[in-house]
Amino acid sequence: IGPFAVVGARSVVGARSVVHPNVVLYPDVRVGADCELHAGVVIREECELGDRVILHPGVAIGADGFGYAFDEAGRPAKIPQVGRVVIEDDVEIGALAAIDRATLGVTRIGQNAKIDDLCIIAHNCDIGPDVIIVGLSGLAGSTVVERGAILMGQTATTGHLRVGERAFLGGRAAVHKDVPAGVKVWGAPAME
């Protein structure tokens, strides 16, 4: 545990894990064995990391999802975000990436997924095993990315869509509908 790190009440850090300086673990966080949390990582309450997870500097896990509804006066009113984030074994997440907590239920990052710097994974996304997401990509809420898909840099999705197993999304693809398994798309709007 490095200097100025904070480990919240009832949080658990697994064997041989390294918590570098200025890391903050809120209450009830679970960090598995052999993890490395670099300087400035923040993991909010009730979020969970598996074993051998690497979080690079400034990663934010479990911030509130961006959820608002308009009130009777037409102003945006916050929808409570009461879910959590589960990150499975062998995941690596690059510097300053953000993985938002679910509105309800779980935002999940599957085993051995690799997420580059400055990516945003919104509330209730489900990222499958062995997925690669390259820098500056943003996935809107409830996006599902199946096993082994590759999303190149600056890829963006609208919410509630599915990227199929082993699909390939070229750099700057603007994805507005489901992408079937094994299909390659590019462009804005994304086309096969």
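Scroll up to find the structure this text is about.
## Topic: the pairing of strand 13 (residues 84-87)
Then step 1. The pairing of strand 8 (residues 48-49) with strand 13 spans 2 bridges and is parallel. Residue pairing for strand 13: L49 is matched across the bridge by I87.
Then step 2. Here strand 13 pairs with strand 16 (residues 106-109) via 4 bridges, running parallel. From the neighbouring strand, V86 faces strand 16, where its bridge partner is R108.

## Points about the pattern of salt bridges
Then step 1. In total, this model carries 13 salt bridges according to the counting rule given.
Then step 2. As a salt-bridge pair, E88 and R108 come within 3.2 Å of each other at their nearest N and O atoms. Of this pair, E88 sits in the loop between strand 13 and strand 14 (92-93) while R108 is found in strand 16, placing the two residues 20 residues apart along the sequence.
Then step 3. Note on E88: relative accessible area 25%, which makes it partly exposed.

## Points about the packing of aromatic side chains
Then step 1. Counting across every chain of the model gives 2 aromatic pairs.
Then step 2. Aromatic side chains F66 and Y68 sit 5.0 Å apart centroid to centroid with 65 degrees between the ring planes, which places their arrangement in the edge-to-face category.
Then step 3. Looking at F66, the relative accessible area reads 69%, which means it is exposed.
Then step 4. Between F168 and W186, the aromatic rings sit 5.6 Å apart at their centres with planes inclined by 50 degrees, giving tilted as the arrangement. Highlighted residues: F168 in strand 26 (residues 168-169) and W186 in the segment after strand 28 (184-185), separated in sequence by 18 residues.

## Describing unusual backbone geometry
Then step 1. In the segment running from A188 into P189, the intervening peptide bond is cis, with an omega of 0 degrees.
Then step 2. Topologically, P189 is positioned in the segment after strand 28.
Then step 3. The phi angle at N22 is positive, at roughly 65 degrees, despite the residue not being glycine.
Then step 4. The residue N22 is located in the loop between strand 3 (18-19) and strand 4 (24-25) in this model.
Then step 5. In this model, L136 sits at a positive phi of 65 degrees, which is unusual for a non-glycine residue.
Then step 6. In this structure, L136 sits in the loop between strand 20 (132-133) and strand 21 (138-139).
Then step 7. Residue L136 is classed as partly exposed on the basis of its relative accessible area, which comes to 48%.

## Notes on the pairing of strand 10 (residues 60-63)
Then step 1. Relative to strand 10, strand 7 (residues 42-43) runs parallel, the two being bridged by 2 bridges. From the neighbouring strand, I43 faces strand 10, where its bridge partner is I61.

## Details of the sheet that holds strand 2 (residues 12-13)
Within a sheet, neighbouring strands are paired by backbone hydrogen bonds and run either parallel or antiparallel to one another.
Then step 1. Spatial ordering of the open sheet is given by 2-5-8-13-16-19-22-25, a layout of 8 strands whose pairing is parallel. Two strands in the sheet have a free side with no partner beyond their single neighbour: strand 2 and strand 25 (162-163).
Then step 2. As paired strands, strand 19 (residues 126-127) and strand 22 (residues 144-145) are joined by 2 bridges and run parallel to one another. Residue pairing across strands places D126 opposite V144, the latter belonging to strand 22.

## Overview of the environment of C125
Then step 1. With respect to the helices, strands and loops of the structure, C125 is situated in the loop between strand 18 (120-121) and strand 19.
Then step 2. Sequence-wise, C125 and V86 are 39 residues apart; in three dimensions their C-alpha atoms are separated by 11 Å.
Then step 3. If we ignore the near neighbours within four places in the chain, the residues touching C125 are V106, T107, R108, L139, A140, G141, S142 and T143.

What counts as what
- Residues numbered from 1 in each chain as written.
- Predicted model: local features only at pLDDT ≥ 70, side-chain atom pairs only at ≥ 80, totals over all residues.
- Heavy atoms only, no water.
- Pairing = 2+ DSSP bridges.
- Helix = DSSP H or I, 4+ residues; strand = E, 2+ residues; numbered from the N terminus.
- Salt bridge = Lys/Arg side-chain N within 4 Å of Asp/Glu carboxyl O.
- Buried < 20%, exposed > 50% of the residue type's maximum accessible area, 1.4 Å probe, protein only.
- Phe/Tyr/Trp six-rings, centres within 6.5 Å; stacked < 30°, edge-to-face > 60°.
- Contact = heavy atoms within 4.5 Å.

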